[in-house]
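Here are the chains, one letter per residue:
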Amino acid sequence: MQEKDKKYIKENIGKKPLREIAEALGVKERKIRKFLEKEKMGAAVPSGGALRPAASSVRRSFSLWMILILILAGVVAYSNTFQSPFLLDDEVSIAENPAIKHLGQVDRIWDFWPTRFVTYFSFALNYH
């Protein structure tokens, strides 16, 4: 199959019926189906109609909804802590910590407390 034929198929695959694309190119539908399977653009192509959205788009929207639900659940679970005062070492570790005030000086964060680098780096990101 020539490159111009492949390009034509990719441009028209959701817009025109497969039969019409095959007629315009002068090839059999079977040949287009094989090309689509190879390109992973859809294995099950209806013979007369246009293609339906691939299952991956359904999975993608489902994943997006699941991520949003998890974020919302996290916000709800921790919402009572947003107005809480600092306790124990929070004042020294967060509010008065000079290492987290300059995001560009990562070595200061490491020097402050190497075993809690990720924690203090996230504090620096939040402060920034």
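Since this is a predicted model, take the numbers as computed values, not measurements.

Caption draft 1: Structural context of helix H2 (residues 18-25). Among all positions in H2, only Leu18, Ile21, Ala22 and Leu25 are buried. Down the axis of H2, the buried set is contained in an arc of 100°. They therefore lie on one face. Relative to its buried face, H2 has exposed residues pointing more than 90 degrees away, namely Glu23 and Ala24. Those residues of H2 that are buried are in contact with helix H1 (3-12) and helix H3 (29-39). With its phi angle positive at about 75°, Gly26 sits one or two positions after the end of H2.

Caption draft 2: Representation of a nonpolar patch on the surface in the model. A cluster of nonpolar side chains, namely Phe62, Leu64, Trp65, Met66, Ile67, Leu68, Ile69, Ile71, Val75, Tyr78 and Phe82, defines an oily patch on the protein surface of about 1200 Å² accessible area. Take Ile67: it is sitting in helix H4 (residues 55-78).

Caption draft 3: Here's a closer look at the packing of aromatic side chains. Enumeration according to the criterion identifies five aromatic pairs in this entry. Measuring from centroid to centroid gives 5.2 Å for Phe112 and Tyr120, while their planes differ by 75°, and the two rings are edge-to-face. In this structure Phe112 comes out as partly exposed when scored by relative accessible area, which is 34%. A relative accessible area of 1% places Tyr120 in the buried class. Aromatic ring contacts, followed pair by pair, group Phe112, Trp113, Tyr120 and Phe123 into a single cluster. Residue placement shows Arg116 over the ring face of Trp113; its charged tip is 5.3 Å from the ring centre.

Caption draft 4: Representation of the environment of Asn126 in the model. Positionally, Asn126 belongs in helix H7 (residues 117-127). It is 9.1 Å that separates the C-alpha atoms of Asn126 and Ile100, two residues lying 26 residues apart in sequence.

About the cut-offs
- Residues numbered from 1 in each chain as written.
- Predicted model: local features only at pLDDT ≥ 70, side-chain atom pairs only at ≥ 80, totals over all residues.
- Heavy atoms only, no water.
- Buried < 20%, exposed > 50% of the residue type's maximum accessible area, 1.4 Å probe, protein only.
- Helix = DSSP H or I, 4+ residues; strand = E, 2+ residues; numbered from the N terminus.
- Arc of directions from axis to C-beta.
- Contact = heavy atoms within 4.5 Å.
- Patch = residues over 30% accessible without salt bridge, like charges linked within 9 Å, V, L, I, M, F, W, Y side chains within 5 Å.
- Areas by Shrake-Rupley, 256 points an atom, 1.4 Å probe, with all protein chains shown as cover.
- Salt bridge = Lys/Arg side-chain N within 4 Å of Asp/Glu carboxyl O.
- Phe/Tyr/Trp six-rings, centres within 6.5 Å; stacked < 30°, edge-to-face > 60°.
- Lys NZ or Arg CZ within 6 Å of the ring centre and 35° of its normal.

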